[in-house]
Amino acid sequence: MARFSRIEVAIKMKETGVVPVFYHKDIEVCKSVVKACYDGGIRVFEFTNRGDFAHEVFTALVKWTAVECPEMMMGVGSIIDGPTTALYIQLGADFIVAPIVDEEMARICNKRKVAWSPGCGSVTEVVRAHELGCEVVKVFPGSSVGGPDFVKAVKGPMPYACIMPTGGVSPDEANMSGWFKAGVHCVGMGSQLFPADVLAKKDWAFITNKCAEALAIAAKLR
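Predicted model, so just to flag it, every value in this text is computed and none were measured.

### Considering the sheet that holds strand β4 (residues 95–97)
Read from one edge of the open sheet, six strands run β5-β4-β3-β2-β1-β9, paired in parallel fashion. Each of the sheet's edge strands pairs with one partner strand only, and the pair in question is β5 (115–117) and β9 (187–189). Averaged over neighbouring strand pairs, the angle between their axes works out to 25 degrees when direction is ignored. Here β4 runs beside β5; their pairing, made up of three bridges, is parallel. Counted as the bridge partner of Ile 96 is Trp 116 from β5. Contacts from helix α3 (residues 54–68) reach β2 (44–48) and β3 (73–77) within the one sheet, and its direction differs from that of β3 by about 170 degrees.

### A word on the packing of aromatic side chains
Taken as a whole and assessed by the stated rule, the structure comprises four aromatic pairs. Measuring from ring centre to ring centre gives 5.4 Å for Phe 58 and Tyr 88, while their planes differ by 75 degrees; the resulting arrangement is edge-to-face. Here the residue Phe 58 occupies a position in helix α3, and Tyr 88 occupies one in helix α4 (residues 82–90), the gap between them amounting to 30 residues. With respect to burial, Phe 58 and Tyr 88 carry one shared label: buried. Members of the aromatic cluster, each reached through a chain of ring pairs, are Tyr 23, Phe 47, Phe 58 and Tyr 88. Residue placement shows Arg 43 over the ring face of Tyr 38; its charged tip is 3.8 Å from the ring centre. Geometry around Phe 140 places Lys 138 over its ring, the cationic atom sitting 4.6 Å from the centre.

### As for the sheet that holds strand β6 (residues 119–120)
Across the sheet, three strands lie side by side as β6-β7-β8; this open sheet has parallel pairing. Looking at strand neighbours, the two that pair on one side only are β6 and β8 (163–165), the edges of this open sheet. Looking at chain direction, strand β7 (residues 137–139) and β8 are connected through three bridges and run parallel. Each residue of the ladder has a partner; that of Lys 138, found in β8, is Met 164.

### What about the environment of Gly 41?
If you trace the backbone, Gly 41 turns up in the loop between α2 (27–39) and β2. Residue classification places Gly 41 among the partly exposed residues on the basis of a relative accessible area of 26%. Counting along the chain gives 180 residues from Gly 41 to Leu 221, while the straight-line C-alpha distance between them is 17 Å. Residue contacts for Gly 41: discarding those within four places in its chain leaves Thr 16 and Leu 215.

### Comments concerning α3
The terminal C-alpha atoms of α3 lie 21 Å apart, and with 15 residues this matches the ideal 21 Å at 1.5 Å per residue to within 8%. Within the sequence span of α3, burial applies to Ala 54, Val 57, Phe 58, Thr 59, Leu 61, Val 62 and Thr 65. Along its buried surface, α3 packs onto α2, β2, β3 and α4.

### Here's the deal with unusual backbone geometry
Residue Pro 141 is bonded to the preceding Phe 140 through a cis peptide linkage, with omega at -15 degrees. By the element assignment, Pro 141 lies in the loop between β7 and α7 (142–145). Positive phi, close to 60 degrees, is recorded for Phe 53, a residue that is not glycine. The topology assignment puts Phe 53 in the loop between β2 and α3. A positive phi angle is found at Lys 202, which is not glycine, with a value near 55 degrees. Within the secondary structure layout, Lys 202 lies in the loop between α10 (196–201) and α11 (204–221).

### Focus: the pattern of salt bridges
Counted under the stated rule, the structure contains eight salt bridges. The shortest N-O distance in the salt bridge between Lys 31 and Glu 28 comes to 3.5 Å. Here Glu 28 and Lys 31 lie together in helix α2, a separation of three residues that amounts to about one turn. Each of Glu 103, Arg 128 and Glu 131 takes part in one network of salt bridges that share partners.

Reading the values: rules and limits
- Residues numbered from 1 in each chain as written.
- Predicted model: local features only at pLDDT ≥ 70, side-chain atom pairs only at ≥ 80, totals over all residues.
- Heavy atoms only, no water.
- Pairing = 2+ DSSP bridges.
- Helix = DSSP H or I, 4+ residues; strand = E, 2+ residues; numbered from the N terminus.
- Axes fitted to C-alpha atoms, helices over the stretch in contact; angles between N-to-C directions.
- Contact = heavy atoms within 4.5 Å.
- Phe/Tyr/Trp six-rings, centres within 6.5 Å; stacked < 30°, edge-to-face > 60°.
- Buried < 20%, exposed > 50% of the residue type's maximum accessible area, 1.4 Å probe, protein only.
- Lys NZ or Arg CZ within 6 Å of the ring centre and 35° of its normal.
- Expected span 1.5 Å × (residues − 1).
- Salt bridge = Lys/Arg side-chain N within 4 Å of Asp/Glu carboxyl O.

The structure is reproduced here in structure tokens:
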């Protein structure tokens, strides 16, 4: 069962402005990364459903996080169907993120009052996501869909739309300023926060510092 409501998740996404996106098959690496993000001020984290037995890694991670990082809201991304959505909700996911708009996923999340962020690449998809009860839509892949200009265009006729781009977002002011000036709700970041060489060296301090820097930039740009 989710520890945080869909409204709490949406509000915290807005407050912090940055949602890390990460997957690793090694549970110990995942724990270290989540703790590093937490120490850097992150409070919303997206675990990616990628690789064999990813749900088993998440099960162990979400139990550990509830004790060691109690304020962290743990979600799962790259979900593309209803059954997998239901599985992760049962395992304790606080929110579900998808690269697509899928009605079955929406119904399952709504029944359990779990936040759902579907991937949208057009105004029509954003409107459909709203109709299905979505609070924060994901623009994916952010840079390929149209970047900050796409977000700005969507918010013209729909200033109430809450948008989280993922893909093409990096933790530097030059990049983030374009997104936040366009009016994003928050941004999702993956490999830019977790370079392969940093993970290989287990340089968790780098991740903590990079998260803190990204949060400071987001706060400055609001």
